[in-house]
Amino acid sequence: MSWLTKYVRPKIRGLLKRDVPDNLWTNCTSCHQMVLVKELQRTLNVCPHCGFHMKVPVAERLEWTFDAGSYTRIELPKVAVDPLGFRDQKRYTDRLKDARAKTGLDESLAVAHGKITGYPAVVAVMAYEFMAGTMGSALGEAFVAAARLAILQRSPLVIFTASGGARMQEGLISLMQMPRTTVAVQMLKDAGLPYIVVLTNPTTGGVSASFAMLGDVQIAEPKALIGFAGPRVIEDTVREKLPEGFQRSEYLLEHGMLDMVVERKNLRETLGRVIGLLTAAPPGDVFTETLPDPEEPGSEDNPLPVN
């Protein structure tokens, strides 16, 4: 046996078999360039090559939105797990179990309350990582709970949207969440409280056709896909070529659908500034007065106070 076989080959094999962490690199979903995961964490999941704002898990979104250590997650109402007994390639209940095990979330919407640059606020975050952020009965209940909490605390409601639309496994029950969430938004408006929407990539389907487009202030992240149906579906339907980027944030801002497009690194400060302009409360103040139920008969005679 030569020295090449006995000494050199084992050393080369050792170098080739050296373990490399699987999560060291990732690819930008827009420009497809390789990016270090640590670099993405530093840039808040924004590609350093093309500036594309990638999807953000719920936990990180809450950390980046609230002041450090100032927020508390709330427990959301329970709903029927599988109201239709639906099954496609696998049972709906099994899909829910898989999503919960993978994400550590109970559903596609999380709600927390805390402070944004010193102002009290209730924040709801849609979890695209949970079954593509689809809207079912649990999301509807969670949204109504968030609105009621905001009214109870006399705080604005901020929601970050990210969704593929209605959840087909719940059929008509999913579509019923569109009017339910719309009523919840009206409750906020009747209470004189700001409702601020931050649209992220992507926001589509029944979500964009309901509560995602009803904000007092409509904000979006750069280059976010926002619309009801996808571009290919629309082009096949109208048989015409659509304008370049017509469902992206910048196009919608230019045509009056949005109030502003804000980079992720500036979102918290922008939200704080908007909340300060829309409320009379100085930073740190929390309203604690007892309020009448906006759904209670006769509440028109005893209207809710307006900030």
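Residues numbered from 1 in each chain as written. Predicted model: local features only at pLDDT ≥ 70, side-chain atom pairs only at ≥ 80, totals over all residues. Heavy atoms only, no water.

As recorded in an unreviewed UniProt entry, the chain goes by Acetyl-coenzyme A carboxylase carboxyl transferase subunit beta and comes from Acetobacter aceti NBRC 14818.

*Asks:* Explain the overall build of the chain here, please?
*Replies:* Looking only at helices and strands, the chain has 11 helices and 9 strands in total. For the chain, buried positions account for 42% of its 307 residues. Nonlocal contacts in the chain, meaning residues at least 24 apart in sequence, comprise 67% of its contacts between residues at least 6 apart. Accessible surface, the chain: about 16600 Å² in total, of which carbon and sulfur atoms supply 54%. (Helix = DSSP H or I, 4+ residues; strand = E, 2+ residues; numbered from the N terminus. Buried < 20%, exposed > 50% of the residue type's maximum accessible area, 1.4 Å probe, protein only. Contact = heavy atoms within 4.5 Å. Areas by Shrake-Rupley, 256 points an atom, 1.4 Å probe, with all protein chains shown as cover.)

*Asks:* Got a minute to help me understand the pattern of salt bridges in this structure?
*Replies:* If the charged atoms of two oppositely charged side chains come close together, the side chains can form a pair. Counted according to the given criterion, the structure contains 12 salt bridges. Salt-bridge contacts for Arg167 lead to Glu107; the nearest nitrogen and oxygen are separated by 2.8 Å. With a gap of 60 residues between them, Arg167 in the loop between β6 (157-163) and α6 (171-175) and Glu107 in the loop between α4 (92-103) and β4 (109-116) connect regions that are remote in the sequence. On the basis of relative accessible area, Arg167 is assigned to the buried category, the value being 1%. Exposure remark for Glu107: the relative accessible area of 12% places this residue in the buried category. The partner of Lys189 in a salt bridge is Asp216, with the nearest N and O atoms 2.8 Å apart. With a gap of 27 residues between them, Lys189 in helix α7 (residues 177-190) and Asp216 in the loop between α8 (205-208) and β8 (217-220) connect regions that are remote in the sequence. Owing to a relative accessible area of 40%, Asp216 belongs among the partly exposed residues under this scheme. (Salt bridge = Lys/Arg side-chain N within 4 Å of Asp/Glu carboxyl O.)

*Asks:* Just checking my understanding: could you explain the nonpolar core for this structure?
*Replies:* A general trend in soluble globular proteins is that nonpolar side chains are found buried together. Leu109, Phe143, Leu157, Ile159, Leu188, Tyr195 and Phe211 are the most contacted members of the largest nonpolar core, which has 35 residues in total. Of all the secondary-structure elements, those providing two or more residues to this core are β4, β5 (119-126), α5 (137-153), β6, α7 and β7 (195-203). With 9 residues, the single largest contributor to this core is α5. Counting 28 residues, the second largest nonpolar core, distinct from the first, contains Leu62, Tyr92, Leu105 and Ile219. (Core = buried A, V, L, I, M, F, W, Y, C linked by side-chain atoms within 4.5 Å.)

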